[in-house]
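An overview of the molecular structure
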Amino acid sequence: VRRVESAGNRVALTFDDCNEGAAWDSILSTLRAYGVRATFFCPGDQVYAHPGQARATVAAGHSIGSHSADHAQLTRLSYGDIVGRLATDKAAWWSVARATPAPYFRPPYGSYNSTVLAAAGNQGFRYTVIWDVDTNDWQGPGASAIASRVLGSARSGSIILLHVKSQTAAAL
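Let me sum up the structure you'll find in this document. (Residues numbered from 1 in each chain as written. Predicted model: local features only at pLDDT ≥ 70, side-chain atom pairs only at ≥ 80, totals over all residues. Heavy atoms only, no water.)

**Details of the nonpolar core**
With 26 residues, the main nonpolar core has Phe15, Trp24, Phe40 and Val164 as its most contacted residues. Secondary-structure elements contributing two or more residues to this core are strand 1 (12-16), helix 1 (21-34), strand 2 (39-42), helix 4 (79-97), helix 6 (143-153) and strand 7 (159-163). No other element matches the 5 residues that helix 1 contributes to this core. Excluding anything up to four places from it in sequence, Phe40 contacts Phe15, Cys18, Trp24, Ile27, Leu28, Leu31, Thr57, His62, Ser63, Ile64, Gly65 and Val164. Residues Ile82, Leu86, Ala119 and Ala120 belong to the second largest nonpolar core, which totals 10 residues. (Core = buried A, V, L, I, M, F, W, Y, C linked by side-chain atoms within 4.5 Å. Buried < 20%, exposed > 50% of the residue type's maximum accessible area, 1.4 Å probe, protein only. Helix = DSSP H or I, 4+ residues; strand = E, 2+ residues; numbered from the N terminus. Contact = heavy atoms within 4.5 Å.)

Here's what the structure looks like:
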């Protein structure tokens, strides 16, 4: 899924990586203040590293999806290794927040092949979610550049790729 054609005038805000706890808190606070729901694709190692934020994300009604256990380049791994990493990610979410990231999966780097898709399907991920607006916020361009990239590129049904970073929280 790269866009949601039937979304009307709405867009999907999606957040990856989840490796900055303070930024995650800020993003959740901003989303709550505006009554907005988003989807978080957090690797299992970050779910374990930030259990309070993971639980708060689920409690606030946001969607979650798998981003593998440790943000590995999955196309370089065997089928069995991919299945194992996705199972580990599911276990992290269940252990910490009693929630499952299925049915949504976002491969790290947006990189996938038939082996990755087959392994994801094996683990119950029916939807591989990519994006059509890439903010490149992971490069640290500043909050105004991130906001400008979103506002200049988003259209009805866009899936916007953001990362849990302090500049992204400020842009939001």
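The structure having been displayed, the exposition proceeds.
**Concerning the packing of aromatic side chains**
Tallying each qualifying case throughout the model produces 4 aromatic pairs. Measuring from centroid to centroid gives 5.1 Å for Phe15 and Phe40, while their planes differ by 20 degrees, and the two rings are stacked. Residue Phe15 is found in strand 1, and its partner Phe40 is found in strand 2; the two are separated by 25 residues along the sequence. On the numbers, 6.3 Å between centres and 25 degrees between planes, the contact of Trp24 with Phe40 is stacked. Placement of Trp24 in helix 1 and of Phe40 in strand 2 is noted, with a sequence separation of 16 residues between them. An identical accessibility class is assigned to Trp24 and Phe40; each is buried. (Phe/Tyr/Trp six-rings, centres within 6.5 Å; stacked < 30°, edge-to-face > 60°.)

**Remarks on the side chain of Thr128**
Mapped onto the elements of the fold, Thr128 is located in strand 5 (residues 127-128). For Thr128, a relative accessible area of 15% gives the class buried. In this view, Thr128 contacts Val1, Phe105, Pro107 and Leu117; residues no more than four positions away in its chain are not counted.

**A word on the state of the cysteines**
In a disulfide, the sulfur atoms of two cysteines are covalently bonded to one another. The full count for this structure, using the stated rule, is 1 disulfide. Residue Cys18 pairs covalently with Cys42 via a disulfide, S to S 2.0 Å. Taking the torsion about the S-S bond as the criterion, the Cys18 to Cys42 disulfide, at about -60 degrees, is left-handed. Taken together, the positions of Cys18 in the loop between strand 1 and helix 1 and Cys42 in strand 2 put the pair 24 residues apart, joining distant regions of the chain. (Disulfide = S-S within 2.5 Å.)

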